[in-house]
Structures are given as structure tokens and as C-alpha cells.
Amino acid sequence: MTERFTGSFTQQEPIPEDGIAAALDVLRHGRLHRYNVAEGELSETALLEQEFAALVGARYALAVASGGYAMSTALRAVGVKPGDRVLSNAFTLAPVPGAIASVGAQPVYVGVTEALTIDLDDLETKADQAQVLLLSHMRGHICDMDRLMAICNAAGVRVIEDCAHTMGAHWRDVPSGRHGAIGCYSCQTYKHVNSGEGGFLAIDDAELAARAVMLSGSYMLFERHLAAPDPEVFDRIKYETPNISGRMDNLRAAILRPQLRALDTQVGRWNDRYRVLEDGLRGTPGLSVIERPAQEHYVGSSIQVLLLDWMADKVRDVVARCAARGVELKWFGAREPVAFTSRYDSWRYADTPSLPQSDRVLEGILDMRVPLTFSLEECALIARIIRAEVSAVFQSQT
Ligand SMILES: Cc1ncc(COP(=O)(O)O)c(C=O)c1O
């Protein structure tokens, strides 16, 4: 009998009961705006920021409306201006070059390796073309951060990290987002904590943090933050920093606080599922799993495999055959973007360089979400389906 998977690749777990209870409290008192507090009250948003700063070991943290907003705010805070060039990944998701475009700057795309991380040799050759790198840990793959920081420090390039897929991950013992000047995170439904929309910035530098707080729309209410610099720092920047509103609100913060407390447990559950999938897929003819370095403590909330040097119609065949058995794979290499875009030549508002080695990798990437609603048995079933369909198509080509 042909096995079929019947679960949903877009169904996340429910919000924890303590998050629902805290959200109901906020709804009942009605003070949803982060600066709307009763006498002596600390807002859910301010508490969330304090807890997030402690979680990632940052001096300052700011909660905002989305991951994309966190990145554009970070770019503004470090001083990126219209016409500037910003280094970034050729393989990432559209909001990353979009954040660069939103401040009127131009992305300079850096290639991707077979490890699905930024090509550090390519970065080295391009490092003199910009003063800022917006580094995306796309799909949770973390490059050699020691070498990356050495390259950027030598070239005087400031690093902003896009940690949309690495909240809870580490490189060695350093939390993702804590190598560069600013770490940006997302709390959108498909990420590691879920408030529908939302984001964070983690920052150590007082002036950068004050700028980010002002930019996010604090008016002159910055003293209501619990993870922001002292008022004297704001005195230096408060008249020259525009308000570009993108605040977090107390309802979403209430939902997020219990999820942050559970993050470590959830990371363990994601990685249990990832390992079952990886074990089931390793050794499939024609398919490579992405081997991960020992220094990388990742969060397996999605999995990627490579069908390197396959003909496009054969990759399409694999995707269709898996879909017919209930397994939703995304082909990141498709020439024409489907529901998402993840390759540099889809973002034609910037110059698209010739990156043949990256094209080869991009054309082979298959991606799959791993929601925590999947059981380990279901992950094993999914791996068997992919293995069978890849093998069947691979044999038909040879
Ligand atoms: C790699 C990457 N970076 C940034 C973002 C932006 O996050 P948000 O949707 O919260 O704006 C996403 C969203 O999917 C993403 O996949």
C-alpha cells in the first residue's frame, strides 16, 4: 500500500494556556498600547523586552511590529542612508533585501555555499564595497561566525544579523544575533515564537539602542522601557532621530512571554523531529542532506536537502510526486517565484550579479517546514515518502 501523509505543513501549535490567560487580562483592562500603563504598572511589552534581553544576554532589547521592521530599524540605527550599499545574502527571503530597499539603499548580493550559508570567500572579495552587512541565517544555517566576524572587522564592516530562523540557536556558546552590532528576530507565526506578527532587536551599544527605541515610535516615553539605555543617552539623539512607528503592543507581548520561557524545550522538540527526518533521508541516491558543523547549535524548524545538478523538470517531478502523497516541499530554485521568493535574481530592484556557483546550489534546494504539530512517527513517514519519490525519479534519469 502506498503511504500518504495527511497532516498540515502550516499548522502550528496553539498558544500556551498561560499566554491565553495573560492576553485575556490585557483585553479586559484595555491598555493594549505599550505606553498605556496604570499607576505603577509595568507593561507586558516592557517586561517582554527585559526577558528577551536576559534570554540572549544583551544589554538592551526592543520589541517591534515585525522581523522586517526590526531589520529596517537596525539599518537606520547604524546610519545606512539612501544610496548606500549594503552587503547581504544572495539566498535569503524577500524581506531581507526588502529591508535594505526600504531605507533607499542597494543590496550587494554575496553568494551561497553548498552548506547553504553565505560564501565567505565571496564576502571577503566584496567587503570593501559597503560598510554594513545584513547577514541572514537563512533557514537556520549559521556560517563560520568566527571567520565572518574576522573578515568584517578587518574591513570595518558592521554586521546586522537576521535571526528570523535562529532564535534559540547558538554558534559555539554565543546566541545567534549576538556576534554583530544588532540581532534582529521575528515572532511571526512560522517562526520559533508566535504572535502572528512581531520582532525583536538585541543590542549592546547604548546609542544604537536609544536610536532604535526612538525610531520605533517611543515619542518621549522611553523611560517606560526596562531594557533601554539611561535617559542621558536619549538626550544625545532624541531630537535628531525620526519616529517611524512600528511598536509591539501589550496583547502580543502577553502571548509571547510564556513562549520565550518555553523556547529551550521547543528547540529540543524541533531538533528531535529534524534528526528523525535527517536520518530517514541520509543516503538517498541523488540527494544530499546538509551536514552541520559541530559549533552550530541550530533549531530544526525546517529542513533542506540538495538535489545538486538535477534537471529542472526532474526536481519538479519530485515536488509533484511528494505533493501527491501529502508532503509539501518548496523548491527554492524555481526560476519563477511561487508563493515566496528566496533567490537574488527575483529582486530586480538591485543589480543582480552573475553568481554561477550560487545558481547551481539554489537550483538544487528543496525545503520543508517542520511544525511541532508533527509527531516523530509522522516525521519518519515523511522521510520515507521523500526517499521513495527521490529514488524513483533519480533512477529514471540514470
Ligand atoms: C529569512 C527571513 N528573514 C526575515 C523575515 C522577516 O520576518 P517578518 O515576517 O517578521 O517580517 C523572514 C520572514 O519570513 C524570513 O524568512
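Residues numbered from 1 in each chain as written. Predicted model: local features only at pLDDT ≥ 70, side-chain atom pairs only at ≥ 80, totals over all residues. Heavy atoms only, no water.

A closer look at the site of the ligand
Stage number 1. Among the 17 residues in the neighbourhood of the ligand, the closest are listed as G67, G68, D162, S186 and K191.
Stage number 2. Contact distances for the ligand include 3.1 Å between an oxygen atom and a side-chain N or O atom of Q188.
Stage number 3. Burial of the ligand by the protein chains amounts to 90% of its free accessible area of 390 Å².
Stage number 4. Of all the secondary structure elements, the ones that give two or more residues to the shell around the ligand are helix 3 (67-77) and helix 4 (95-102).
Stage number 5. For the shell around the ligand, the leading source of residues is helix 3, giving 3 residues.
Stage number 6. Residues of the shell around the ligand, tallied by class, amount to 6 nonpolar, 9 polar and 2 charged. (Near = heavy atom within 4 Å. Polar contact = N/O pair within 3.5 Å; in protein donor to acceptor, adjacent residues only side chain to side chain. Areas by Shrake-Rupley, 256 points an atom, 1.4 Å probe, with all protein chains shown as cover. Helix = DSSP H or I, 4+ residues; strand = E, 2+ residues; numbered from the N terminus. Nonpolar A, V, L, I, M, F, W, Y, C, P; charged D, E, K, R; others polar.)

Observations concerning the packing of helix 3 against helix 7 (residues 206-217)
For any two helices packed against each other, the geometry comes down to the angle between their axes and how far apart the axes lie.
Stage number 1. Close contact between helix 3 and helix 7 brings their axes to 9 Å; oriented N to C, the two are set at 125°. The angle between helix 3 and helix 7 places the two elements in the oblique class. Crossing angle aside, the handedness with which helix 3 passes helix 7 is right-handed. Contact residues: Y69, T73, R76 and A77 in helix 3; L208, R211, A212, L215 and S216 in helix 7. (Axes fitted to C-alpha atoms, helices over the stretch in contact; angles between N-to-C directions. Parallel < 35°, antiparallel > 145°, perpendicular 65-115°, else oblique. Left-handed = near helix turned anticlockwise from the far one by under 90°. Contact = heavy atoms within 4.5 Å.)

Side note on the packing of helix 10 (residues 263-281) against helix 13 (residues 376-397)
Stage number 1. Running from N to C, helix 10 and helix 13 point in directions that differ by 30°, and their axes come no closer than 8 Å. If you check the angle between helix 10 and helix 13, you find them roughly parallel. Like other packed secondary-structure pairs, helix 10 and helix 13 cross with a definite hand, here right-handed. Residues D272, R273, V276, L277, G280 and L281 of helix 10 form the contact with helix 13, whose own contacting residues are L376, C379, A380, I382, A383, I386 and R387.
Stage number 2. For the contact of helix 10 with helix 13, the residue count by class is 9 nonpolar, 1 polar and 3 charged.

Examining the sheet that holds strand 14 (residues 365-369)
Stage number 1. With respect to topology, 4 strands assemble into an open sheet ordered 10-12-14-13, the strand pairing being antiparallel. Unpaired on one side and paired on the other, strand 10 (288-289) and strand 13 (330-331) mark the two borders of the sheet.
Stage number 2. Direction of pairing for strand 13 relative to strand 14: antiparallel, over a ladder of 2 bridges. Each bridged residue has a counterpart across the sheet, and for W331 the counterpart in strand 14 is L366. (Pairing = 2+ DSSP bridges.)

Quick notes on the pattern of salt bridges
Stage number 1. For the structure on display, the rule yields 27 salt bridges.
Stage number 2. One connected set of salt bridges, linked through shared partners, spans E207, R211, R236 and E240. (Salt bridge = Lys/Arg side-chain N within 4 Å of Asp/Glu carboxyl O.)

Digging into the environment of E41
Stage number 1. In this structure, E41 sits in the loop between helix 1 (17-29) and helix 2 (44-56).
Stage number 2. Distance from E41 to H225, taken between C-alpha atoms, is 12 Å for residues 184 residues apart in sequence.
Stage number 3. Once residues lying within four places of it in the same chain are set aside, the contact partners of E41 are H29, R31 and N36.
Stage number 4. Of note is the side chain of E41, whose polar atom sits 2.7 Å from the backbone nitrogen of A38.

Topic: the environment of R76
Stage number 1. Relative to the assigned elements, R76 resides in helix 3.
Stage number 2. You can call R76 partly exposed: its relative accessible area is 25%.
Stage number 3. Spatially, the C-alpha atom of R76 lies 34 Å from that of L366, the residues being 290 residues apart in sequence.
Stage number 4. Ignoring anything within four residues of it in the chain, the contact list for R76 reads S102, V103, L215 and I244. (Buried < 20%, exposed > 50% of the residue type's maximum accessible area, 1.4 Å probe, protein only.)

What to know about helix 9 (residues 250-261)
Stage number 1. If you check helix 9, its first and last C-alpha atoms are 17 Å apart, about what 12 residues at 1.5 Å a residue would give, namely 16 Å.
Stage number 2. Here helix 9 lies mainly inside the structure; 10 of its 12 residues are buried.
Stage number 3. Within helix 9 the residues assigned to the buried category are N250, R252, A253, A254, I255, L256, R257, P258, Q259 and L260.
Stage number 4. The elements touched by buried residues of helix 9 are helix 1, helix 2, strand 9 (199-203) and helix 10.
Stage number 5. One side-chain oxygen at the N-terminal end of helix 9 lies 3.1 Å from the backbone nitrogen of L251; it belongs to D249. (Expected span 1.5 Å × (residues − 1).)

So far we have only geometry, and geometry alone does not tell us how the molecule works.
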